[in-house]
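# Tertiary structure, described
Here are the chains, one letter per residue:
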There are 2 protein chains.
Amino acid sequence: MEPSKPDLVPNPAVRRLSLYLRHLEVMQQKARTTISSKQLGVALGYTDAQVRKDLAYFGQFGHPGIGYRVDDLIGRIRRILATDRTWNVILIGGGNLGRALLSHPGFGPKGFRIVAVFDTDVSKIGSPAHGLVIRPMASAPLYLRENPVKLAILAVPAEVAQHVADDLVAAGIRGILNFAPVALSVPSDIAVNSVDLTVQLEQLSFLVNSTESTRKA
Amino acid sequence: MEPSKPDLVPNPAVRRLSLYLRHLEVMQQKARTTISSKQLGVALGYTDAQVRKDLAYFGQFGHPGIGYRVDDLIGRIRRILATDRTWNVILIGGGNLGRALLSHPGFGPKGFRIVAVFDTDVSKIGSPAHGLVIRPMASAPLYLRENPVKLAILAVPAEVAQHVADDLVAAGIRGILNFAPVALSVPSDIAVNSVDLTVQLEQLSFLVNSTESTRKA
DNA sequence: GGATGTGAATGCATTCACAGCA
DNA sequence: TGCTGTGAATGCATTCACATCC
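Summary of the structure given here. Remember, predicted model here, so these are calculated numbers, not experimental data.

### As for the interface of chain A and chain B
- Taken residue by residue, the interface counts 60 residues in chain A and 60 residues in chain B.
- Buried area between chain A and chain B, both sides added, is near 5,500 Å², and the carbon and sulfur share of it is 65%.
- A salt bridge links Lys-150 of chain B to Glu-212 of chain A, with the nearest nitrogen and oxygen atoms 3.8 Å apart.
- Linking chain A to chain B there are 26 residue pairs in polar contact (both at pLDDT 80 or more).
- It is helix α8 (residues 197-216) of chain A that provides the largest number of residues to the side of chain A that touches chain B, a total of 17 residues.
- In the side of chain A that touches chain B, the residues fall into 33 nonpolar, 15 polar and 12 charged.

### Some details on the packing of aromatic side chains
All names here are of chain A.
- Throughout the structure, instances matching the rule amount to six aromatic pairs over all chains.
- Where Phe-118 meets Tyr-143, the ring centres are 5.6 Å apart and the plane angle is 75°; that geometry is what we call edge-to-face. In this pair, Phe-118 is assigned in strand β4 (residues 112-119) and Tyr-143 in helix α6 (residues 140-146), connecting sequence segments 25 residues apart.
- Residue classification places Phe-118 among the buried residues on the basis of a relative accessible area of 0%.
- Taking NZ or CZ as reference, Arg-16 lies 5.6 Å from the ring centre of Tyr-46, over its face.

### Regarding helix α2 (residues 37-44) of chain B
Residue and element names in this part refer to chain B.
- Turning to α2, its buried residues are Ser-37, Leu-40, Gly-41 and Leu-44. Down the axis of α2, the sector holding all buried residues measures 100°, keeping them to one side. Opposite the buried face of α2, at more than 90 degrees from it, the exposed residues are Lys-38 and Val-42.
- The inward-facing, buried residues of α2 contact α1 (11-29), β1 (34-35), α3 (48-56) and β2 (68-69).

### Examining the packing of α1 of chain B against helix α4 (residues 70-81) of chain B
All names here are of chain B.
- Close contact between α1 and α4 brings their axes to 9 Å; oriented N to C, the two are set at 145°. Here the hand of the crossing between α1 and α4 comes out left-handed. Here Val-14, Leu-17, Ser-18, Tyr-20, Leu-21, Leu-24, Glu-25 and Gln-28 of α1 lie close against α4, whose contacting residues are Val-70, Asp-71, Leu-73, Ile-74, Ile-77, Arg-78, Ile-80 and Leu-81.
- By residue class, the composition of the contact of α1 with α4 is 11 nonpolar, two polar and three charged.

### Points about the relation of the copies chain A and chain B
- Overlay of chain A on chain B (RMSD 0.0 Å): rotation 180°, translation along the axis 0.0 Å. Taken together, the rotation angle and the small translation identify this as a two-fold axis. The C-alpha atom lying nearest the rotation axis in chain A is that of Ala-100 of chain A; the distance is 3.1 Å.

### What to know about the nonpolar core
- If you look at the biggest cluster of nonpolar residues, it comprises 48 residues, and the most contacted ones within it are Leu-101 and Ile-153 of chain A together with Leu-101 and Ile-153 of chain B.
- Setting aside residues no more than four positions away along its own chain, Ile-153 of chain A makes contact with Val-89, Ile-90, Leu-91, Ile-92, Leu-101, Phe-107, Ile-114, Leu-177 and Phe-179 of chain A together with Leu-201 of chain B.

### Considering the protein's contact with DNA strand D
- Taken together, 24 residues are adjacent to DNA strand D, and Ser-37, Arg-52, Gly-62 and Tyr-68 of chain A together with Arg-16 of chain B come closest.
- Protein-adjacent atoms of DNA strand D, using a 4 Å cutoff, are sugar or phosphate at a proportion of 63%.
- With respect to DNA strand D, the side chain of Lys-53 of chain A contributes an N or O atom lying 3.3 Å from a base oxygen.
- Gln-50 of chain B places a side-chain nitrogen or oxygen 3.2 Å from a sugar or linking oxygen of DNA strand D.
- The set of elements that each furnish at least two residues to the surface near DNA strand D consists of α3 (48-56) of chain A together with α1 and α3 of chain B.

Procedures and definitions
Residues numbered from 1 in each chain as written. Chains lettered and ligands numbered in written order. Predicted model: local features only at pLDDT ≥ 70, side-chain atom pairs only at ≥ 80, totals over all residues. Heavy atoms only, no water. Contact = heavy atoms within 4.5 Å. Buried area = accessible area lost by both parts, 1.4 Å probe. Salt bridge = Lys/Arg side-chain N within 4 Å of Asp/Glu carboxyl O. Polar contact = N/O pair within 3.5 Å; in protein donor to acceptor, adjacent residues only side chain to side chain. Helix = DSSP H or I, 4+ residues; strand = E, 2+ residues; numbered from the N terminus. Nonpolar A, V, L, I, M, F, W, Y, C, P; charged D, E, K, R; others polar. Phe/Tyr/Trp six-rings, centres within 6.5 Å; stacked < 30°, edge-to-face > 60°. Buried < 20%, exposed > 50% of the residue type's maximum accessible area, 1.4 Å probe, protein only. Lys NZ or Arg CZ within 6 Å of the ring centre and 35° of its normal. Arc of directions from axis to C-beta. Axes fitted to C-alpha atoms, helices over the stretch in contact; angles between N-to-C directions. Left-handed = near helix turned anticlockwise from the far one by under 90°. Least-squares fit on C-alpha atoms with pLDDT ≥ 70 in both. Core = buried A, V, L, I, M, F, W, Y, C linked by side-chain atoms within 4.5 Å. Near = heavy atom within 4 Å.

Written out as structure tokens, the structure is:
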């Protein structure tokens, strides 16, 4: 049995784990060997208690009086996030965004490898894209039967996103990173993470507008 | 004085407002005239009480027995999010991601217009990019003095992101959408929204891995 | 009947504060 | 002394439940 699968982990804690890992990797690059919860917190804008509690959900990784050993903590968090292995990922959508994601340099070092690209738009089929060739969406189920992949990135227009998601789930995909501006409906055991770029900008416009108004007061 | 600037709005509520708006715009397209908090909630995966409370933070927009008038609510939320006007945006970074964002069709209809592109990489300067020409980052302060713009999208490597952010803030930028995998440090009256693509995938790998393990049990 | 708006109650997440260890 | 790990306390966000209105 795997060690330490805690009963109840706050969802935000998992998100922060990724950020801790990101900063730890920078510290490792700089040959730092240990780091305290205080230092990690300051670097990312959290309290030291927050950092300790987040980590404590998964085990006892620290050393009183010393802090956390950087190498060790990196390994621990990677195991928790399950990125201590390589995840093959398929990309749906060979448009501008899709191709930008294909050539995104950050995925590889973090353990994610895009192994195939599909598109519903027949005019794109066969085009080369960063070392891969865009395949017809209809061929995805067969591909997934021969090459089991659990993660998919969805970079297609909103109108077809739900339909594509249904097909992916039926073909065995278990997690979807969705860039289409629509709320996908999927079975509860399928993970979905949505990134809507305009929503991000709207949040900023709200915040900037608020501070502007407050300023005059 | 502007009406209804509530004292305390939960941050998550503002995020959901964007999602409500997105769905309302689809409903408007379908010529729906009214919608209830229940229907809106079901479409997005929230409870009806959640929807009503979120909206009630900003005023009384609904009609008992009827629901919310779609056109009206769209206008209200746009005013709240301050997207009832056009926001000019500058883009920093003419790489793959930057150029994909430039050609992103969703921004315009939502009121965001990218008006200039800058890059620190001299080899990119002068290249055409979706109707614009990439300018040297050093020219950004002058540009911003002549064309006041409040929002910036940051699509540069992590190593230069903080430096660029500092320059942008000094030049008057008030909100930053950051795609670099690093926590930006900015004055408290500057809004920052960070999107780290690998963090998104890590969340999925965690979730998928969890459900896989649980399944066998 | 059908829906909103909202105080009260609940449930989560964060922070405090301190015992315990190096 | 310096720092972790953790129960207890606080603070926020969500949900309940109901008075109110069309």
